[in-house]
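Structural description and commentary
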Amino acid sequence: MDWHAYTARVQPFFWKLVRPSLRIGRSMTEVSSLRGCKYFPRGFHKQVDTIWVPAPFLKNVFAEAGVPRKKIQVAVETVDLGHFEPGRRRGLDVPADLAGIKGARWYEWFRRRGEAVNAEKEGDLTVFGSVAGSTSERNLTARIPSLPAKEGTNSNEAYIPHEDEPCQFIFLSIFKWEARKDPETLIKAFLHTFGVDSGVCLLISSKDSSRGVPQSDRHNRDRIYSHIRNVVENMDWNDTWTPLSYSPPHAAGEFPPLASDFRNDWLRFKPTSKPTNLGVLRRLIKVTTSQHSWDSLPGLYRVADAYVSSSHGEGWGLPAHEALAMELPVVAPATTGHLAFLDMDNSWPVALELDAQEKTVRAQIPEDAKMDFGPLATWDQVDWKHLSATMLSVALLKFQMYAQARDTGRPLSKVQNSYEIYTKPKHARERLKKELSQLAVIKEWMKLLGDLVMEKLW
C-alpha cells in the first residue's frame, strides 16, 4: 500500500500520475460543518473508493458536504503506548528548557499557604518558611495590607513569586497559537481560578502559527508572551466569580457534579485581581516554544500534573490522547474529535457554552480561516466557567489525596485508590490498551481494507 499526499493544487494531475487499484482518501477537519467550502470535498470524493476519517462526528460533516455516506468509514487514530509509557525507566527526563520548573514538595508548601490564610482570618501576619523545592532558601511572608506588619516587613508589599520560582502543580497545554485552539478561553479560565501565590502554573507548549509570521519567528517565546498580554488586557474580569460547585446548564449535557467541599481550600487558590504585570504573568503562565523531539515528548508530559485544552474543535486530539497514555488527568472540551476517546469514565470533559435559548454558542471563524473551512463554517465555544471549575476540582483532588496520606500517616499507595484523580488516568490507559493500541487499530484498519476489497471484487 502506498501513501500519497493530496492537495487541491495537484488535484487535476493526481490520478494521472498515480494509478492504484484501490484508492483510499484519508481526511479530517476540525469544524462541524463544511457547507460552502469550495476546496473540500468537491472533486476529491469522486476520485476515491472510500474516505477514512478518524472520528465519528466527521461522517456527518462530510455527508452534509456532499460525500455519499456509504463512502465514509471511521478509521481511528493510535499512539505508541510503549513510547508514551509513564512507568518506563528511560526517556522521561525533563526537557532541558524546562529544567527547574517543577517543585518537589508542593503539598507541604500548599499546607503552609493554608496556615497563612487561616492566620489572615485571625488578623495576624504569618511567616511560613521557605518554598519547598525552590532553588534558593527564601523566606516568604504573607503580607496583609490592611493589617499591621511585623517588624522588618512592609505591610503594603504584596508577595509576588519570582519568575524562576518552581511551579508546584502544572497544567500542561500543547497547541499551535491560532484562533482554532482558543487560547483566550483557556487563559481566562485559568487566571480566574488560580492566584499568583497558589503554586499552580499553566505550561503552554506552543509556536506562533498566525498568518504572516515568518518561519524563523514562529518559535519566538516573547511573541507568545506578547499574545498572552494582549489576551489579558482585553479580557473581561469577573471579580465575583467563584468556581465552587458550578454546574453547566442541563441542556449542555450530562456532566457529573464536581466536588463541593473545597470552600476553605479555595481561599488558598483564589486570585485577587487581574494580573496585568508581565512578571506576574510569567510566574503564572510558563511558555516553551522549543521544538521538542519525539524522544523528549514523554518527558514533557511527565513534568505536568494534568493536561488541559480549550480548543474549538479537533479532528482527533493527539495531545489529549498522548496525555491519557501518560496517565495524566485530561480536562478537554466535550466536542468533535475528543468525543471519540474521552468520556466521563476516563477524563474530565468540559461543557460547551449555551446562549439564552440554551442552544450551543457557535463561535465565528476568523476571516483568514474561512479559506480553509468555508464561509459558513462555525466553531463550538467552551464554557469557560465549567473549565474553571473543572481545573479547580482536579488540582484540589490531588492536594486532598496527598493531604489525607499526610494527616493519617498512611502511605500514599493506601489512600490513592479512593481518589478518581488517581484511578481515572489508570483506567484510561487500560482502555487505550484494549481499544486504541497499535495492534487494535491495525486490526480495525485491515478489516476496513478487507471490506473494501470484497466490495470491489463483487
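Chains are numbered independently. Their residues run from 1 in the order of the written sequence. Owing to the predicted nature of the model, reporting of local features is limited to residues with pLDDT of at least 70; listing and counting of side-chain atom pairs is limited to 80 or more, with chain, interface and lining totals taken over all residues. As a rule here, side-chain values come from all non-hydrogen atoms in the structure, and water together with hydrogens is ignored.

Regarding its fold elements, the protein presents 14 helices and 13 strands. When accessible area is computed with a 1.4 Å probe and restricted to protein chains, residues below 20% of their type maximum are described as buried, those above 50% as exposed, and intermediate ones as partly exposed. A buried classification covers 51% of the 458 residues belonging to the protein. The contact criterion used is simple: two residues touch if any of their non-hydrogen atoms lie within 4.5 Å. In the protein, the share of contacts with a sequence separation of at least 24, taken over all contacts with a separation of at least 6, comes to 72%. Each accessible area value is a Shrake-Rupley result obtained with a 1.4 Å probe; residue values ignore everything except the protein chains displayed when judging cover. Entry remark: accessible area of the protein is about 22,200 Å², with carbon and sulfur atoms responsible for 49%. Secondary structure follows DSSP: runs of H or I at least 4 residues long count as helices, runs of E at least 2 residues long count as strands, and numbering of each begins at the N terminus.

Once that is clear, we can look at the pairing of strand β7 (residues 200–205). Across the six residues of β7, six count as buried, placing the element largely inside the fold. Of the two faces of β7, the one holding V200, L202 and I204 and the one holding C201, L203 and S205 are both buried throughout. For strand β6 (residues 169–174) and β7, the ladder comprises six bridges, and the chain directions are parallel. When the bridges of β7 are listed, F171 appears paired with L202. Looking down the strands as they point away from you, a crossover is right-handed if its path from the first strand over the helix to the second goes clockwise. Traced from β6 through helix α4 (residues 183–191) to β7, the parallel crossover comes out right-handed. Inspection of the sheet shows β7 paired to strand β8 (residues 285–288) by four bridges, in the parallel sense. When the sheet's bridge partners are listed, S205 is paired in β8 with T288. A pair of strands is considered paired only if DSSP assigns at least 2 bridges between the two.

So, on to the sheet that holds strand β3 (residues 72–74). Strand order across the open sheet formed by three strands is β1-β2-β3, with parallel pairing between neighbours. The sheet is open, and its two edges are formed by β1 (24–26) and β3, each paired on a single side. Each strand of the sheet is rotated relative to its neighbour by a mean of 30 degrees, with strand direction disregarded. By the bridge criterion, three bridges tie β1 to strand β2 (residues 50–53) in an arrangement that is parallel. The residue of β2 that forms the bridge with G25 is I51. Axis definition: a line fit to C-alpha positions, over the contact stretch in the case of helices; interaxial angles, taken between N-to-C directions, run 0 to 180 degrees.

Let's shift gears to the pattern of salt bridges. Any carboxyl oxygen of Asp or Glu within 4 Å of a side-chain nitrogen of Lys or Arg constitutes a salt bridge here. If you walk through the whole model with that rule in mind, you get 19 salt bridges. A salt bridge links R431 to D343; the shortest N-O distance between them is 2.7 Å. Of this pair, R431 sits in helix α13 (residues 420–435) while D343 sits in the loop between β10 (330–333) and β11 (348–350), and the two are 88 residues apart along the sequence. Classification of D343 by relative accessible area gives partly exposed; the value is 25%. For D451, the salt bridge goes to K447, with nearest N and O atoms at 3.3 Å. You can see D451 and its partner K447 sitting in helix α14 (residues 438–457), four residues apart, about one turn around the helix. Judged by its relative accessible area of 40%, D451 falls in the partly exposed class. Here the salt bridges do not stand alone but share partners, grouping E30, K176, E178, R180, K181 and E314 into one network.

Our next topic: the pairing of β10. Sheet topology places strand β9 (residues 306–308) next to β10; two bridges connect them, and they run parallel. Within the sheet, the bridge partner assigned to V308 lies in β10 and is V331. Following the backbone out of β9, through helix α9 (residues 318–325) and into the adjacent parallel β10, one traces a crossover that is right-handed.

Here we come to the nonpolar core. F62, L172, L203, Y301, Y307 and V330 are the most contacted members of the largest nonpolar core, which totals 55 residues. Leaving out residues up to four positions away in the same chain, L203 has contacts with L98, I101, I170, F171, L172, S173, K286, V287, T288, L300 and V303. Among buried residues, the Ala, Val, Leu, Ile, Met, Phe, Trp, Tyr and Cys ones that are joined through side-chain atoms within 4.5 Å form a nonpolar core. Within the second largest apolar cluster, 53 residues are counted, among which are F171, V231, V308 and I421.

Looking now at the confidence of the model for the protein. What pLDDT reports is the predictor's confidence in each residue, on a scale of 0 through 100. In the predicted model, the protein carries a mean pLDDT of 80, and 79% of its residues have values of at least 70. Looking over the protein, one finds the lowest element-wise mean pLDDT in strand β5 (residues 139–141), namely 27, and the highest in β9, namely 98. Segment residues 1–10 is flagged for pLDDT under 50; beyond a separation of four residues in sequence, or across chains, it makes 10 contacts in the model. Confidence over residues 116–161 falls short of pLDDT 50; this stretch has 73 contacts with residues more than four positions distant or in other chains.

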